[in-house]
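One-letter residues, chain by chain:
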Amino acid sequence: PSRGLGDVYKRQGYPEADASPIEALLAQEVRSRLALALQRIPEHYREVILYRNHLELPWKDIGERLGKSEAAAKMLFQRALAQLREHFDDTWSS
């Protein structure tokens, strides 16, 4: 049996598993540009984004891992997101 792109996405757990081909292509492009933007920000920003968004750690744990207070970890995260947004936007204009 033929396996379409949707089957591949379903096996890999992507949310666009049931998306149209153009929607799946757009989602792939967004992921690619996000990865590029992440590479462009400083490592300590990538780290705090990883702890919060990927590992879903609580702020207290993030602060401890970074040697910062909970409030400082939150501030670092906000700055990281601002810089990530800026670099993500730049990927669409380059």
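This structure is a prediction, so every number in the text was calculated from the model and none was measured.

Undergrad: How do you make sense of the packing of helix α2 (residues 21–40) against helix α5 (residues 70–93) when you look at a structure like this?
TA: Angle between the axes and distance between the axes: these two values describe a pair of packed helices. Relative to each other, α2 and α5 sit at 125 degrees, their axes nearing to 8 Å. Taken as axis vectors, α2 and α5 run oblique relative to one another. For the element pair α2 and α5, the recorded crossing hand is right-handed. The residues of α5 that touch α2, namely those facing Glu29, Val30, Arg33, Leu34, Leu36, Ala37, Leu38 and Arg40, are Leu84, His87, Phe88, Asp90, Thr91 and Trp92.

Undergrad: It is not clear to me how the pattern of salt bridges should be interpreted in this structure. Could you clarify?
TA: For the structure on display, the rule yields two salt bridges. Residue Glu29 is joined to Arg33 by a salt bridge in which the shortest nitrogen-to-oxygen separation is 2.6 Å. Here Glu29 pairs with Arg33, and both are found in helix α2, just four residues apart, close to one helical turn. Accessibility expressed as a relative area gives 32% for Glu29, which makes it partly exposed. With a relative accessible area of 19%, Arg33 lands in the buried category. Here Lys60 ties to Glu64 by a salt bridge, and the two come within 3.8 Å at their closest N and O atoms.

Undergrad: Any chance you could explain the confidence of the model for the chain here in plain terms?
TA: Close reading of the predicted structure is inappropriate where its pLDDT is low. Summing up the model confidence of the chain, the mean pLDDT is 85 and the portion of residues at 70 or higher is 80%. Looking at the elements of the chain, mean pLDDT is at its lowest for helix α1 (residues 5–12), recorded as 52, and at its highest for helix α4 (residues 59–66), recorded as 97. For the stretch residues 1–5, pLDDT sits under 50, and the model shows three contacts to residues farther than four places along the chain or on other chains.

Undergrad: Is there a simple way to think about the packing of aromatic side chains in this case?
TA: Each pair of aromatic rings is reported with the distance of its centres and the angle of its planes. Following the criterion strictly, the structure yields two aromatic pairs and no others. With centroids separated by 5.2 Å and ring planes inclined at 70 degrees, the aromatic side chains of Trp59 and Phe77 adopt a geometry described as edge-to-face. You can see Trp59 sitting in helix α4 and its partner Phe77 sitting in helix α5, a full 18 residues away along the chain. As far as the burial class goes, Trp59 and Phe77 line up, both buried. Between Phe88 and Trp92 the ring centres are 6.0 Å apart and the planes differ by 75 degrees, which places this aromatic pair in the edge-to-face class. Taken together, the positions of Phe88 and Trp92, both in helix α5 and four residues apart, correspond to about one turn of that helix. Note that Arg33 overlies the ring of Trp92, its terminal NZ or CZ placed 4.1 Å from the centroid. The ring of Tyr51 has Arg65 sitting right over it, with the charged end atom 5.2 Å from the ring centre.

Calculation rules
- What you see as residue numbers is a count from 1 along each chain, following the sequence as written.
- Selection of residues for local features in this predicted model requires a pLDDT of at least 70, selection of side-chain atom pairs for listing and counting requires 80 or more, and totals for whole chains, interfaces and linings are taken over all residues.
- Excluding hydrogens and water, the side-chain figures rest on all heavy atoms present in the structure.
- Convention adopted: a line fitted to C-alpha atoms gives each axis, helices being fitted over their contacting stretch, and angles between N-to-C directions are expressed from 0 to 180 degrees.
- Only DSSP runs of H or I reaching four residues or more are called helices, and only runs of E reaching two or more are called strands; each is numbered from the N terminus.
- Should an angle lie under 35 degrees it is considered roughly parallel, over 145 roughly antiparallel, and from 65 to 115 roughly perpendicular; all remaining angles are considered oblique.
- Handedness of a crossing is defined here by the sense of rotation of the near helix relative to the far one, left-handed for an anticlockwise turn of less than a right angle and right-handed for a clockwise turn.
- Here, two residues are considered to be in contact whenever any of their heavy atoms come within 4.5 Å of each other.
- A carboxyl oxygen of Asp or Glu within 4 Å of a side-chain nitrogen of Lys or Arg is what we treat as a salt bridge.
- Three exposure classes are used, based on accessible area relative to the maximum for each residue type with a 1.4 Å probe and protein chains only: buried under 20%, partly exposed in between, and exposed over 50%.
- Each residue carries a pLDDT value, the predictor's own confidence for that position, ranging from 0 to 100.
- For Phe, Tyr and Trp, where Trp contributes only its six-membered ring, two rings pair if their centres lie within 6.5 Å, and the inter-plane angle classes them as stacked under 30 degrees, edge-to-face over 60, or tilted in between.
- We call a charge positioned above a ring when the Lys NZ or Arg CZ atom is no farther than 6 Å from the ring centre and deviates by at most 35 degrees from the ring normal.

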